[in-house]
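A closer look at the structure
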Amino acid sequence: MEQAFDITLTVNGTAVTRRVEARQHLVDFLRDELGLTGSHTACEHGVCGACTVRVDGSIVRGCLMLAVQANGCRVDTVEGLSDSKELAKLQKAFHERNALQCGFCTPGMLMAAQDLVLQKKKFSREEIRNHISGNYCRCTGYQAIVDAIEDVLQQA
Ligand code: FES
Ligand code: FES
């Protein structure tokens, strides 16, 4: 029988306590238990970045971290950062630059991009590309995404 654990964590500013199975991944916990479906699952082995969330201030792959490992942590998802308006500049820039088509990669891309914005430094286009190189987009060819991120970095 699967082992279960009680965990308490803060998700988007709200304390959450749940019993989870030992093998449940963080992204599945967020999506299935909390209904936070902005974080997507695709490859489910750490390659595509669709599941990117922030744990204690660092972006992580939600498909590579177990929910039990987030016990006691602060987890922020695209929903939380969107509601708090932290992502507002990036969302506007993505819209203006047509930096999304199907939108599947966009939540993870925004989380990765915001990680760069928070560093409050000047980054070259190559450095921007490097930073988002772990986030796959099948639609845009990345050019417009880099344009959008560059726009926001220039406003800082
Ligand atoms: S679903 Fe996690 S990296 Fe692809
Ligand atoms: S917009 Fe479709 S995968 Fe990026």
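Look up: the structure comes first, before these words.
The present account deals with the structure reproduced in this document. (Residues numbered from 1 in each chain as written. Chains lettered and ligands numbered in written order. Predicted model: local features only at pLDDT ≥ 70, side-chain atom pairs only at ≥ 80, totals over all residues. Heavy atoms only, no water.)

This part is about the sheet that holds strand S1 (residues 4-11). Read from one edge of the open sheet, five strands run S2-S1-S5-S3-S4, paired in mixed fashion. Only two strands of the sheet have a single partner each, and these edge strands are strand S2 (14-21) and strand S4 (58-61). Between one strand axis and the next, the sheet turns by 40 degrees as a mean value, whatever way the strands run. In this structure, strand S3 (residues 52-55) lies alongside strand S5 (residues 74-76), joined through two bridges in antiparallel fashion. What sits directly across from Arg54, in S5, is Asp76. (Pairing = 2+ DSSP bridges. Helix = DSSP H or I, 4+ residues; strand = E, 2+ residues; numbered from the N terminus. Axes fitted to C-alpha atoms, helices over the stretch in contact; angles between N-to-C directions.)

Counting residues in hydrophobic clusters, the biggest one holds 25 residues, and the most contacted among them are Leu90, Phe94, Met109, Ile128, Ile145, Ile149 and Leu153. The contacts of Leu153, once residues within four sequence positions are left out, are Leu116, Val117, Lys121, Phe123 and Ile128. (Core = buried A, V, L, I, M, F, W, Y, C linked by side-chain atoms within 4.5 Å. Buried < 20%, exposed > 50% of the residue type's maximum accessible area, 1.4 Å probe, protein only. Contact = heavy atoms within 4.5 Å.)

Here we take up the packing of helix H3 (residues 88-96) against helix H6 (residues 143-155). Closest axis-to-axis distance for the H3/H6 pair is 8 Å, and the angle between their directions is 135 degrees. One finds that H3 runs oblique with respect to H6. Taken as a pair, H3 and H6 cross one another with a handedness that is right-handed. Two secondary-structure elements touch here, H3 through Lys89, Leu90, Ala93 and Phe94 and H6 through Ile145, Ala148, Ile149, Asp151, Val152 and Gln155. Here the contact of H3 with H6 is built from residues that sort into seven nonpolar, one polar and two charged. (Parallel < 35°, antiparallel > 145°, perpendicular 65-115°, else oblique. Left-handed = near helix turned anticlockwise from the far one by under 90°. Nonpolar A, V, L, I, M, F, W, Y, C, P; charged D, E, K, R; others polar.)

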